[in-house]
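Take a look at the letters that make up each chain.
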Amino acid sequence: MSTVIELGVQGMTCASCVGRVERGLNKVPGVEHAAVNLATERATVTYDPAQTNPAALLDKVRDVGYEPVVADLDLGVQGMTCANCVGRVERALKKVGGVVDASVNLATERATVRYLPTSVGPGQLKAAVVNAGYGVLDTQAGQDRSDQEREAREREVRRLRQAVTFSAAFAVPLLLLAMVPMLWMPAHMWLASVVNERTLNVILLALAAPVQFGPGRRFYRLGWASLKHRSPDMNSLVMIGTSAAFFYSVLVTVAPGIFPEGTAHVYYEASAVVITLILLGKYFEAIAKGRSSEAMKTLLNLQPKMARIVRGGQELELPVDDVLIGDVISVRPGEKVPVDGEVTGGQSYVDESMITGEPVPVRKESGAAVVGGTINQNGAFEFRATKIGADTALAQIIRLVETAQGSKPPIQGLADMVVAVFVPVVLGMAALTFLLWLMLGGQQALSFALVTTVAVLIIACPCAMGLATPTSVMVGTGKAAELGVLFRSGVALEGLQGVKVIALDKTGTLTRGRPELTDLIPAGSFTRADVLALVAAAEAQSEHPIARAIVATAQAEGVTAAPADTFEAVPGYGLDAVIAGQRVQVGADRYMQRLGVDVSDLASHAARLGDEGKSPLYAAIGGQLAAIIAVADPIKDGSREAVQALHRQGLTVAMITGDNARTAHAIARQLGIDEVLAEVLPSGKSDAVKTLQAQRHAVAFVGDGINDAPALAQADVGLAIGTGTDVAVETADVILMAGDLRGVPNAIALSRATLRNVKLNLFWAFAYNIVLIPVAAGALYPAFGWLLSPVLAAAAMGFSSVFVLTNALRLRSFRAPLRVIPAPHTPRSVLATS
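Residues numbered from 1 in each chain as written. Predicted model: local features only at pLDDT ≥ 70, side-chain atom pairs only at ≥ 80, totals over all residues. Heavy atoms only, no water.

### A short note on the overall build of the protein
Turning to step 1, where the next piece is worked out: A count of helices and strands for the protein gives 30 helices and 29 strands.
Turning to step 2, where the next piece is worked out: Looking at the protein residue by residue over its 834 residues, the buried ones come to 53%.
Turning to step 3, where the next piece is worked out: In the protein, of all internal contacts separated by at least 6 residues, the share reaching a separation of at least 24 is 69%.
Turning to step 4, where the next piece is worked out: Carbon and sulfur atoms provide 57% of the accessible area of the protein, an area that totals close to 35,500 Å². (Helix = DSSP H or I, 4+ residues; strand = E, 2+ residues; numbered from the N terminus. Buried < 20%, exposed > 50% of the residue type's maximum accessible area, 1.4 Å probe, protein only. Contact = heavy atoms within 4.5 Å. Areas by Shrake-Rupley, 256 points an atom, 1.4 Å probe, with all protein chains shown as cover.)

### Looking at the sheet that holds strand β6 (residues 99-105)
Turning to step 1, where the next piece is worked out: Strands sit in the order β6-β7-β5-β8 across an open sheet of four strands; the sheet is antiparallel. In this open sheet, the two edge strands, each paired with only one partner strand, are β6 and β8 (135-137). Mean inter-strand twist for the sheet, computed between neighbouring axes without regard to direction, equals 35°.
Turning to step 2, where the next piece is worked out: Across three bridges, the pairing between strand β5 (residues 71-78) and β8 is antiparallel. Directly across from Gly-76, in β8, lies its bridge partner Leu-137.
Turning to step 3, where the next piece is worked out: Where helix α4 (residues 122-131) meets the sheet, its contacts fall on β5, β6, β7 (110-115) and β8, and the angle it forms with β5 comes to roughly 30°. (Pairing = 2+ DSSP bridges. Axes fitted to C-alpha atoms, helices over the stretch in contact; angles between N-to-C directions.)

### Brief notes about the sheet that holds strand β27 (residues 699-703)
Turning to step 1, where the next piece is worked out: The seven strands lie next to each other as β17-β29-β28-β27-β18-β25-β26, forming an open sheet whose pairing is mixed. The sheet is open, and its two borders are formed by β17 (485-487) and β26 (675-677), each paired with just one other strand. This sheet shows a mean twist of 20° between the axes of neighbouring strands, independent of strand direction.
Turning to step 2, where the next piece is worked out: Note: strand β18 (residues 501-505) against strand β25 (residues 652-656), five bridges, orientation parallel.

### Remarks on the environment of Phe-422
Turning to step 1, where the next piece is worked out: In this fold, Phe-422 is placed in helix α14 (residues 412-440).
Turning to step 2, where the next piece is worked out: Along the primary structure Phe-422 and Ala-460 are separated by 38 residues, whereas in three dimensions their C-alpha atoms are 8.8 Å apart.

### Section: the pattern of salt bridges
Turning to step 1, where the next piece is worked out: Scanning the entire structure with this criterion turns up 16 salt bridges.
Turning to step 2, where the next piece is worked out: The partner of Arg-42 in a salt bridge is Glu-6, with the nearest N and O atoms 2.9 Å apart. Remark: Glu-6 occurs in strand β1 (residues 3-10) and Arg-42 occurs in strand β3 (residues 42-47); sequence separation between them is 36 residues.
Turning to step 3, where the next piece is worked out: The exposure class of Arg-42 is partly exposed, given its relative accessible area of 34%.
Turning to step 4, where the next piece is worked out: Judged by relative accessible area, Glu-6 falls into the partly exposed class, the value being 26%.
Turning to step 5, where the next piece is worked out: In this structure, the salt-bridge partner of Lys-690 is Asp-687, at a minimum N-O distance of 4.0 Å. (Salt bridge = Lys/Arg side-chain N within 4 Å of Asp/Glu carboxyl O.)

### Some words on the UniProt feature "transmembrane region" (unreviewed entry) in the protein
Turning to step 1, where the next piece is worked out: Residues given the UniProt feature "transmembrane region" (unreviewed entry) here are residues 163-187, 199-216, 237-259, 265-284, 417-440, 446-469, 762-781 and 787-809.
Turning to step 2, where the next piece is worked out: A distance of 28 Å separates the end C-alpha atoms of residues 762-781, which is 80% helix and 0% strand. (UniProt positions renumbered as here; feature names shortened; annotations may be inferred.)

### Details of the packing of helix α22 (residues 603-611) against helix α24 (residues 661-671)
Turning to step 1, where the next piece is worked out: Put simply, α22 and α24 touch, their axes get as near as 8 Å, and they point 60° apart. Between α22 and α24, the angle is such that the two are oblique. Touching Ala-607, Gly-610 and Asp-611 of α22 are Arg-662, Ala-666 and Arg-669, all from α24.
Turning to step 2, where the next piece is worked out: Per-class residue counts for the contact of α22 with α24 are two nonpolar, one polar and three charged. (Parallel < 35°, antiparallel > 145°, perpendicular 65-115°, else oblique. Nonpolar A, V, L, I, M, F, W, Y, C, P; charged D, E, K, R; others polar.)

### A short note on the packing of aromatic side chains
Turning to step 1, where the next piece is worked out: Summed over all chains, the structure comprises 12 aromatic pairs.
Turning to step 2, where the next piece is worked out: Judged by centre distance (5.8 Å) and plane angle (70°), the rings of Phe-246 and Tyr-268 are edge-to-face. Taken together, the positions of Phe-246 in helix α9 (residues 234-254) and Tyr-268 in helix α10 (residues 268-292) put the pair 22 residues apart, joining distant regions of the chain.
Turning to step 3, where the next piece is worked out: Owing to a relative accessible area of 0%, Tyr-268 belongs among the buried residues under this scheme. (Phe/Tyr/Trp six-rings, centres within 6.5 Å; stacked < 30°, edge-to-face > 60°.)

### Section: unusual backbone geometry
Comment: phi is negative for the bulk of residues other than glycine, and the bulk of peptide bonds are trans.
Turning to step 1, where the next piece is worked out: Of note in this structure, Ala-580 is not a glycine but carries a positive phi near 50°.
Turning to step 2, where the next piece is worked out: By the element assignment, Ala-580 lies in the loop between β21 (574-579) and β22 (582-587).

### Observations regarding the packing of helix α15 (residues 445-459) against helix α28 (residues 743-776)
Turning to step 1, where the next piece is worked out: Running from N to C, α15 and α28 cross one another at 170°; their axes reach a closest spacing of 8 Å. Here α15 lies roughly antiparallel to α28, going by the angle between them. In the crossing of α15 with α28, the sense of the turn from one axis to the other is right-handed. Taking contact as the criterion, the partners of Thr-452, Ala-455, Val-456 and Ile-459 in α15 are, on α28, Tyr-768, Asn-769, Leu-772, Ile-773 and Ala-776. (Left-handed = near helix turned anticlockwise from the far one by under 90°.)

### Observations regarding helix α2 (residues 54-63)
Think of an α-helix as turning once every 3.6 residues; residues three or four places apart then point the same way.
Turning to step 1, where the next piece is worked out: All buried positions along α2 are accounted for by Pro-54, Leu-57, Leu-58 and Val-61. Take α2 and look down its axis: the buried residues cluster within an arc of 100°, on one side only.
Turning to step 2, where the next piece is worked out: Here the buried face of α2 lies against β1, α1 (15-26), β2 (31-37), β3, β4 (67-69) and β6.
Turning to step 3, where the next piece is worked out: Here α2 starts with a cap whose side-chain oxygen sits 3.1 Å from the backbone nitrogen of Ala-55, and that cap is Asn-53.
Turning to step 4, where the next piece is worked out: Gly-65 occupies a position one or two residues after α2 and carries a positive phi of about 105°. (Arc of directions from axis to C-beta. Polar contact = N/O pair within 3.5 Å; in protein donor to acceptor, adjacent residues only side chain to side chain.)

Okay, here's the thing in structure tokens:
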């Protein structure tokens, strides 16, 4: 059957644009007809969903040069209990016409939907979730979503606690009445003398029924909904298993004569205790889920609620939502900075650990940038608001972490594929178990068949499979945010642990990015002070970074000279100036050769400086060689330590730079870098990354400049120094907020720890089912006479989920291998596109 959808198309200006989009869409396989309207900026497409999908249509619109209109919606989904629930919600959302993609996370209980707003609206998406049998958490106007989610989680914990308490009140005496007489003969004799077997069964029924149809009603409601949608899940297994035990026991109680002699046993305790234990496991699971989002809660709690705004000479305490760009805000000692801004008066030290991961306070004075959520220390200051609301650094960090927590790493695909067929297979195994025991079980065949079937259904619940990956990703990305490392997605989190080569940009990444005068060696009778004064006076007319470095050194040393009488830049060579009647010429050795100035006396110094990675220049005064000057971009603190740590992690470290080969290799020797790609043009950095990818496996590139953006995009994983340019940060997969290269080995260590955690969780979830399902089916009975009680099966099932959650929570204790030092200036807020 054909499907019709409408796409919003931006960027069309004339009829030829319309024709281009129509021709492009009509070429997509499966498209039967496409019509584009320039006035409404919409394309109406009729297509065969068996051959194409909305995502392919969007790709084609982009391919022909226009931008399709898409929107994202984040829904809180209530009632999901296992991986099958996740799959059912995803399928329900993807069936809605106009949905491009949908991803559901069991740990965060959220659905992220990308859709075409011209074809479908949020109401239809919410209705799809409700029709699938789940609830949607609607955020009320004026209410913070995180507060509402926390309240919903707390309500769920309270409901589960009440359900467990109620169930236990009936299940515990039921278990004692059913099991103690079986295990202790005096108790059996006493009970037999007090009540007959029929009366005892009625009492057990009276205790079991409130559990089965009270707290157990949730399994009927959710389980039946999943069966109705032909997607059985954990609730279906519990519903079928406990119902089989309960109604079999009811039949034994009301009509024992229809059963063969010696087989009329009741299993009320199995159904009631199984329900109680599963609810207890769910209760512990809900508590652990709350703990797994502690890092996000910490970030959310950093957001201040009030701001002290200076208006009309008065300080007014107003909600942060009322702050406007340009408002002057007063911050007192111990208070949080409400929004992002620039200091206009006063001075203090501010704790910026929420940005950098490093608790060392940073000095703030007039002109310094401050970030909302950071904590003022002892002083007081005023600042002008420059970013508010969703544009603040903290709001963007929170959004980025939420996105990463909600995304799926590739390893989740394994669990998804297994879970898609797991429950139907379990139902088949349960049916086969029942039939085999019924045929081979002898006199106790019916009892054995019932016990083993219920045990198989209960123990096979796929809760642990659904929680294995998202909980680890959730805790791992939250911990990373605390350390000043922001992962854009679960894909980046998984990809980073698999890289083999770390390629580093030089300027601004390994080095400070600001050249400094490192050496000035005078020649003949010239003195350092005289040469520095004249050269600085000449260089003061130039905007070149090397000129600024020389002038800065002269100013720092208090050396001054008269302004230049004349100044001329000699392209490709240097400069020529007249200072107080003296001719000053500064440039490289080729400039001196052109001037006929002999530099051989300083040749040995030039060779040494070049080997040290410095750029030697010569100064001639009055036509005579006056000095050799060396300017270098100093290596950042921590660069050497970071490279050593990367080597310890078993990685190859490469450097990609536009510098000359001699300087690049000198820096590589100082830092212990394995491979150097020098004299690379800005446009060639992505090709350099391709070269490394062709030689080895996955490559991560670390950079900070605009010219690094293509390489960041080309690399398997791109890491941006957070103090770098907006373009670099927006292109990267991982952002190091502190601007310290030591964040790279920290990010890799955390990525590896998270993936180890995920793999352990998945191993446990799969191994648990692979090993215990045959045991539940009675595989050990022929050899050892052991049958797994449904009660023990329920306890084991609950333990598996709690184990997975507890294992994920271990990531909260992760310790970074290196201590990161924050940049001397506050990282700019450059996360708006995340």
